[in-house]
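# Geometric and topological summary
Here are the chains, one letter per residue:
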Amino acid sequence: MKARALFVIAWSLAVPGIAAARDQIKHYPFANAVTDATKSGKLDGTVKFYLHGNHPQGQVEVVKSDVSVNRKTNAFGKADQSTCDWALQSVLISLQAEAKAAGANAVVDIVSAYGDEYSDPEKYECHVGFLMSGVIMKGKLAKVQP
């Protein structure tokens, strides 16, 4: 019994060290996750997403600025990109709901905000660890008129 308790204590102390040791920053195509989420019905297409550097055509009226969503998912034994895309899709679902609630039809100037901001017109940033993958995105809810 005593050996088992020592094992549990040792394991619980070791796992955070292992998780931190694997922490990596990855960059993946944003459009792939949006397309997959739309095809699967997770996103309904009524809200458009524009990474910083991509601008919607037409007049843009910002309804709410500094909207931020943080999502994590289980990464244990899974491919990095699939867990990152899953976390991003979760972020996009939340952003879509917030945009609709605010009367917006777009989220603009989206940047990755996991620590230092990462801005790319085609890619998002994901942090991948031994146990978890995480995506934090921030942007502005907007009404776009053609």
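To be clear, the structure that these remarks concern was listed above.
Bear in mind that the values here come from a model prediction, so they are computed numbers and not experimental data.

All right, on to the state of the cysteines then. If you walk through the whole model with that rule in mind, you get 1 disulfide. Linked covalently through their sulfurs, cysteine 84 and cysteine 126 form a disulfide whose S-S length is 2.1 Å. With the S-S dihedral at roughly -80 degrees, the linkage between cysteine 84 and cysteine 126 falls on the left-handed side. In this pair, cysteine 84 sits in helix H3 (residues 80-101) while cysteine 126 sits in strand S5 (residues 123-128), placing the two residues 42 residues apart along the sequence. According to the relative accessible area criterion, cysteine 84 is buried, its value standing at 0%.

Within the structure shown, the criterion is met by 2 aromatic pairs. With a centroid separation of 6.3 Å and an interplanar angle of 50 degrees, the aromatic rings of tyrosine 28 and tyrosine 124 are classed as tilted. Here tyrosine 28, found in strand S1 (residues 24-29), pairs with tyrosine 124, found in strand S5; they are 96 residues apart in sequence, far enough to count as distant. When sorted by exposure, tyrosine 28 lands in the same class as tyrosine 124, which is buried. An angle of 80 degrees between the planes, with centres 5.4 Å apart, marks the rings of phenylalanine 76 and phenylalanine 130 as edge-to-face. Taken together, the residues span a long stretch of sequence, with phenylalanine 76 in the loop between strand S3 (59-74) and H3 and phenylalanine 130 in the loop between S5 and strand S6 (132-145) at a distance of 54 residues. Overall, phenylalanine 130 belongs to the partly exposed group, its relative accessible area being 25%.

Reading guide: rules and limits
- Residues numbered from 1 in each chain as written.
- Predicted model: local features only at pLDDT ≥ 70, side-chain atom pairs only at ≥ 80, totals over all residues.
- Heavy atoms only, no water.
- Disulfide = S-S within 2.5 Å.
- Helix = DSSP H or I, 4+ residues; strand = E, 2+ residues; numbered from the N terminus.
- Buried < 20%, exposed > 50% of the residue type's maximum accessible area, 1.4 Å probe, protein only.
- Phe/Tyr/Trp six-rings, centres within 6.5 Å; stacked < 30°, edge-to-face > 60°.

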